[in-house]
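Breakdown of the fold
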Amino acid sequence: MRFGVLGVLSVWTDDGRPVRVPELKVRTLLAELLIHDDGPVPAGKLADDLWPGRLPADPAASLQVRVSQLRRALSAAEPGGRALVAYQPPGYLLRTTSVDSRRFLDLTARARATPAPRARADLLSDALALWRGPALADFADAPFAQAAIARLESARLAALEDQAEVRLALGEHTELTTELTALLDRHPLRERLWAAYLLALYRSGRQGDALDHYRRMRALFAAELGVDPGPPLAELHAAMLSQDPSLLAATSARTRTNLPAPVAGLVGRERLVAGTRELLGRSRLVTLHGVGGVGKTRLALAVCAPAPDEAWLIELTGAAPGAPLEAVAELVAATLGVRDDAAAGTAADRVADSLRGRRALLVLDNCEHVVEAAAELAELLLSRAPQLTILTTTQEPLGLAGETVVTVPPLDGPAAVELFTTRAGLRLTPAETEPVLAVCARLDGIPLALELAATRARTMPVHELAARLDDRFRLLGAGRRGGPARQQTLRATIDWSWHLLGAAEQVVLRRLAVHADGCARETAEQVCAGGQVRAEDVPDLLGRLVGRSLVVLSGGRYRLLESVAAYCSERLAEAGESDEVRLRHAHRLVDLAERAAPQLYGHDQRRWLTILDAESADIRAALETLIGLGEADLAHRLVGAVAWYWYLRGRLGEARRAVSAVLSLAPSREGMAAVWRAALELFAGSAVEEQPEAASADGEWLLAFAQWGFGDQDVVERRLGRALTAYRAAGDAWGEAAALMCLARSGFSGDMAARRRDAERAHALFRAAGDRWGQLKSTEILGTLAEVVGDYDLAARLHRDALGAAEELGLWTELSFRLSALGRIAMLKGDLTEAERLHERAGLLAEEQANLAAMEFAQVGLGLVARRQGHHDLAEELLRPWAEWWRRLGGTDGLAFVLAERGFAAEQRGNLPAARDLHLEGLAVAMGTGEPRAVALAFEGLAGVHVLGGDPRRAAELLGAAAAARESAGAPLPAGERADVDRISAAAARDGGFAASYARGNASPLDEVAERELG
């Protein structure tokens, strides 16, 4: 699919058919995603831009609606369109490389890198032909689009200036004058346009007009800017006054250069090229700095194209590592053709003398192995040749005063994909999207690695290539033709950098490889010190490695690119240090986790969640180390310390695998690891055959918390009672709050007032402790209790409060549950469209986390909505799997509820035998728990069966019993839940004259009514 922003926002299929994107806010969303094509746009920013000044009540939910609408529009237009709009924290991105603005920038970059004027003119013509009008013309007044519009329009003007200059070189003087007159009317302060216009007039035989227009232009600049025109225009004016013969030449004097014409255009570097070119106009020494293989040389050549009057590429790889000044100067002299005359002084002096008075650009390529000599030479040449400019490429900056360092980063996701697919000759299909993204991510967006992988992709499927990247050095070891030997394989590229390091730097670098996702400075000191490296030396060594582009410092953490880490792991093994350093790393993670564990229950909860988020990959690596080395005690300590973190973050699958692995190392039916294994199975929606012994209040509470709604609820109640007693005796306020929260949620007594008191007490204790998760959970329960009694506005507010807390802490599992809860409220208030949307969004979140409990809540909610929409078959289809799930788990209240909903759907379809069986099973389950509201729901369902079966008297008696049951719990049926009861009551009154008053006055005891129904 192709997208256009160079004009009115437009979308086309690959075969050119226009795609309609309806609704302004959906088009705004698309425009925003296209503008930020370098990564995900935060959801908060998208919401602010879609609803400037007045956010909707639930911005996240409203944004999700627009995302769904955009996905539907793209999916309807072309297969795979839906997958183009992807969620990636902290927001959304558009996975496409086919945007006219990208094509425009690519063509203009290629034009500047092309020395032949006619070919350059053709490329610029193709680029400018992509414009269909002003950039984002339909969003010209939108604040969010202003920066992007300005950037694109500036790039368009620069391309027009390039085109004017190349047309001058081709001799198209007369035609240009008219076109440039109109362009200058709109952009009267562009010096390059004025230069082209004046030269076009002069070469057209209108020298007087050219001089007159220069005077007008100078007056305009003085009035508008308070400055005179810049040196290039002043020099042109002087040349016109003296009638310099060179002005009449079709082209300027022959450029002296050895810069090669690039074989292929750069991808994803348009802004970096333009920015570096601008810096070269202000700074005489610019350094392109980055890791090996990142494309510094290609970038330098693109920056220098078209070549200035004199530009030379000096390749320094011919110098030996650590070569002195004279050896490097000899390479420069040989390239420039400086005569080898010892009488004229040293090579450095001869080069400096030859460059004196010349306006030249030197590109010193690959300085990292001779950085001291290169720095000394650059300083000498710049001081002796005032018109000289130097551009260097290196993995380590020269460190000179006045040096402007430009870091060349790896390619971002979309640009990496574009480079890989272009070089591999792939037309990306939906099935290939994920493996291609995986290849680009695992190769860190390094252009050299991507090009080596692209060569492989021509001979093997992409998914196989992605799967084999664990052995990347063998896979990408066949090399490529052309270029220096160090760039012909991935290993050779990293070897080159490795051998330039000192012994201590090599030690620290290889030891850093044990970190899965980087580390802080203090951690590096603990893990990398030892032997010849002292802890106090590590920060300085890290700084050197960052300077050499082998370590990346980001967000206060030192990281290795994945390929560098793989290489260093091999070096660590060669040094015989793997087990020792990995165990040292694991000890550090155990200590950190045990410091973090108690903080996850208090005021610092959010900060420590963030800390553990940053360390989560290293926690996994440390656990693998401990298990692999058989360190059972440390492994148990680590799992015990981080299990609650895993639960809070919804990483149930990771937690289950970790706990099972530790218990397989050292089996036990006692201790918190065994308790956690059972609890995690229950959280994930799996049955537990045999529960472990809970030897502590924490164990009792955790098993009760996890087992709510499953199996024998008497056991749950006893566990909670024991835990509450123990917590109170120990003065453990958090534990007391947790136990009260579970009692309020479970409602064993059926007393609504008591449940509310417990929930409020739990919330107060959690607030005093500073535990936001506990406040969220107790707020959730208070919201559910408000829903039960029909206070839907209060329930919605409480659920929204809980939703906000879940988003603040990043508790995505809780976010899914809260969205479903808000969906329930919307349904009960009669907004079925909103209810369906909220449940769908909740289901997507649950699916992403593989959380069956959250998925059940969302899917059952969709079943409720479907039945209320009259889609009874769909309701049965949605509900049936979850009844089976509850049965497998030994579910209680949840099973009774799903059976009742299925029974109502069967009754409304006219299938009375099925309805009767479902309601009777639900009644049996409800009587087993003794929960009055569940019993009442089964009675109401059976009443519907009796009405349709011709026994309205019996139906009325059941309705009376149900009303009595609800009143006994302090929760009479609220208005939003009366639809079925009102429908059945009306039928009983119509068919037998049995009104609600009869039903209420003739209610029998619940046990008696149930026994009669169950037979």
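Residues numbered from 1 in each chain as written. Predicted model: local features only at pLDDT ≥ 70, side-chain atom pairs only at ≥ 80, totals over all residues. Heavy atoms only, no water.

With that settled, consider the overall build of the protein. Regarding its fold elements, the protein presents 47 helices and 13 strands. Counting every position in the protein, which comprises 1015 residues, the buried fraction comes to 54%. As presented, the protein carries roughly 42,100 Å² of accessible surface, and 52% of it is formed by carbon and sulfur atoms. Within the protein, one finds 116 positive and 135 negative side-chain charges whose respective centroids are separated by 3 Å. (Helix = DSSP H or I, 4+ residues; strand = E, 2+ residues; numbered from the N terminus. Buried < 20%, exposed > 50% of the residue type's maximum accessible area, 1.4 Å probe, protein only. Areas by Shrake-Rupley, 256 points an atom, 1.4 Å probe, with all protein chains shown as cover. Lys, Arg positive; Asp, Glu negative; His and termini not counted. Charge placed at Lys NZ, Arg CZ, Asp CG, Glu CD.)

If you look at the biggest cluster of nonpolar residues, it comprises 151 residues, and the most contacted ones within it are F683, W701 and W773. The element that contributes the greatest number of residues to this core is helix 28 (residues 632-648), accounting for 12 residues. Those residues in contact with F683, other than ones at most four positions away along the chain, are Y647, L652, W676, L702, F705, A706, N851 and A853. Among the nonpolar cores identified, the runner-up in size contains 78 residues, and L34, F104, L236 and M240 belong to it. (Core = buried A, V, L, I, M, F, W, Y, C linked by side-chain atoms within 4.5 Å. Contact = heavy atoms within 4.5 Å.)

Before going further, it helps to spend a moment on empty space enclosed by the protein. The tally for this structure, following the rule as stated, stands at 3 cavities of 30 Å³ or more. The computed volume of the largest cavity comes to approximately 110 Å³. Forming the boundary of the largest cavity are V291, G292, I446, A449, L490, T493, I494, S497, L550, L561, S563 and V564. Sorting the residues of the lining of the largest cavity by element identifies helix 21 (490-498) and helix 25 (562-574) as the ones contributing at least two each. The dominant element in the lining of the largest cavity, judged by the number of residues it contributes, is helix 21, at 4 residues. (1 Å grid on protein atoms, 1.4 Å probe; cavity = no way out; pocket = protein on both sides within 12 Å on 5 of 7 lines; lining within 4 Å. Points joined across faces, edges and corners; volume = space filled by probe spheres on them.)

The next subject is the sheet that holds strand 7 (residues 285-289). With respect to topology, 6 strands assemble into an open sheet ordered 6-8-9-10-7-11, the strand pairing being parallel. For this open sheet the edge positions go to strand 6 (256-257) and strand 11 (404-407), each flanked by a neighbour on one side alone. Summarising the sheet, strand 8 (residues 310-315) and strand 9 (residues 360-365) pair through 5 bridges and their orientation is parallel. Pairing of E315 across the sheet is with D365, part of strand 9. Across the sheet, helix 12 (residues 296-303) is in contact with strand 7, strand 8, strand 9 and strand 10 (388-394); its angle to strand 10 comes to roughly 155°. (Pairing = 2+ DSSP bridges. Axes fitted to C-alpha atoms, helices over the stretch in contact; angles between N-to-C directions.)

Looking now at unusual backbone geometry. Even without being glycine, E23 reaches a positive phi, approximately 75°. Accessibility expressed as a relative area gives 35% for E23, which makes it partly exposed. Within the chain, D444 stands out as a residue other than glycine whose phi angle is a positive 60°. Note that D444 resides in the loop between helix 17 (430-442) and helix 18 (447-457). On the accessibility criterion, D444 (18% relative accessible area) is buried.

Below, the discussion takes up the sheet that holds strand 4 (residues 85-88). Strand-to-strand pairing in sheets goes through backbone hydrogen bonds, with the strands running parallel or antiparallel. Reading across from one edge, 3-5-4 is the order of the 3 strands in this open sheet, with antiparallel pairing throughout. Among the strands making up the open sheet, the edge pair consists of strand 3 (41-42) and strand 4. Along the sheet, helix 3 (residues 59-77) makes contact with strand 4 and strand 5 (91-94), crossing strand 4 at roughly 145°.

Residues L189, L225 and V227 make up a contiguous nonpolar surface patch of about 230 Å² in total accessible area. For L189, the location among the structural elements is in the loop between helix 7 (173-186) and helix 8 (191-203). (Patch = residues over 30% accessible without salt bridge, like charges linked within 9 Å, V, L, I, M, F, W, Y side chains within 5 Å. Salt bridge = Lys/Arg side-chain N within 4 Å of Asp/Glu carboxyl O.)

Taken together, the 4 bridges between strand 4 and strand 5 define a ladder with antiparallel strand orientation. When the bridges of strand 5 are listed, Y87 appears paired with Y92. Between strand 4 and strand 5, which pair antiparallel in sequence order, lie 2 residues.

Now for the packing of aromatic side chains. Here a ring pair, both rings aromatic, is described through the centre-centre distance and the interplanar angle of the planes. This structure, assessed with the given rule, holds 25 aromatic pairs. Ring geometry for W644 versus W734: centroids 6.2 Å apart, planes at 90°, classification edge-to-face. Residue W644 is found in helix 28, and its partner W734 is found in helix 33 (residues 733-746); the two are separated by 90 residues along the sequence. Between Y647 and F705 the ring centres are 5.9 Å apart and the planes differ by 80°, which places this aromatic pair in the edge-to-face class. Linking Y647 in helix 28 with F705 in helix 31 (residues 697-707), this pair joins segments that are 58 residues apart in sequence. The residues Y647 and F705 share a single accessibility class, namely buried. (Phe/Tyr/Trp six-rings, centres within 6.5 Å; stacked < 30°, edge-to-face > 60°.)

Interpretation in functional terms is not warranted from these geometric data alone.
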